[in-house]
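What follows is each chain in one-letter form.
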Amino acid sequence: MSLPAIYSFPPLYTRQPNDIIRNKQIDSWINIILQFSKFEKIWELDSNGKFLTNDITLFQNDKINRSVTITFIKEILNKMKSDNYLINNNNNSNNTFFILWKNLDSWASLILEWFETTNKLNQVVTFYEIVSGDESINWEFHNMPINLISKILQILVKRGRATILKDEYNKDIAIKVV
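Residues numbered from 1 in each chain as written. Predicted model: local features only at pLDDT ≥ 70, side-chain atom pairs only at ≥ 80, totals over all residues. Heavy atoms only, no water.

A.B. asks: Please explain the pattern of salt bridges as it appears in this structure.
C.D. replies: Pairing is possible between side chains of opposite charge, provided their charged atoms come close. In total, this model carries 8 salt bridges according to the counting rule given. Note that Asp-19 is salt-bridged to Arg-22, the shortest N-O span being 2.3 Å. Here Asp-19 and its partner Arg-22 are both found in helix H1 (residues 19-40), 3 residues apart, which amounts to about one turn of the helix. For Asp-19, a relative accessible area of 48% translates into the label partly exposed. Here Lys-102 ties to Glu-140 by a salt bridge, and the two come within 3.1 Å at their closest N and O atoms. With Lys-102 in the loop between strand E5 (96-99) and helix H3 (104-117) and Glu-140 in the loop between helix H4 (127-132) and helix H5 (146-158), this pair connects stretches of sequence that are 38 residues apart. Salt bridges linked by common partners bring Arg-15, Asp-19, Arg-22 and Glu-75 together as one network. (Salt bridge = Lys/Arg side-chain N within 4 Å of Asp/Glu carboxyl O. Helix = DSSP H or I, 4+ residues; strand = E, 2+ residues; numbered from the N terminus. Buried < 20%, exposed > 50% of the residue type's maximum accessible area, 1.4 Å probe, protein only.)

Below, the structure is given as structure tokens:
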């Protein structure tokens, strides 16, 4: 994926003092993060702006010798959280987040569509099958972290469309969608 031209624009890396310009700047960063995450299928980000799966940070551009300060990174991530583009990972730490380029309801609807398309309604399907099985390879949620899929499937439960099955340790492991 080629990053947008603004990614090579040096002022993008310096927190702008004017509120209007800074809000546009933050929006640009959010768009870059979401586009990159979606293209690369990267689901998790730490509180310092590094992607967990490949230790990449978009907040440093060696080609133009620029980087964003940690204070400004936190401001960008806080805006992403308030706009529901980031949600806590719940891995016993508040230091990692799931990246949402779709809202949770849209993900739930897409997964429901997968159940309907693959004729999996009224069958018990493991979370592993949903995110790692052969039938989900061409679906956008393929390789999604299990903790995130669990959050999304709770929406189908709330809609009255599904029941979550737990293992002997009370961990969510499978779902039946009706």
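After that view of the structure, there is still more to cover.
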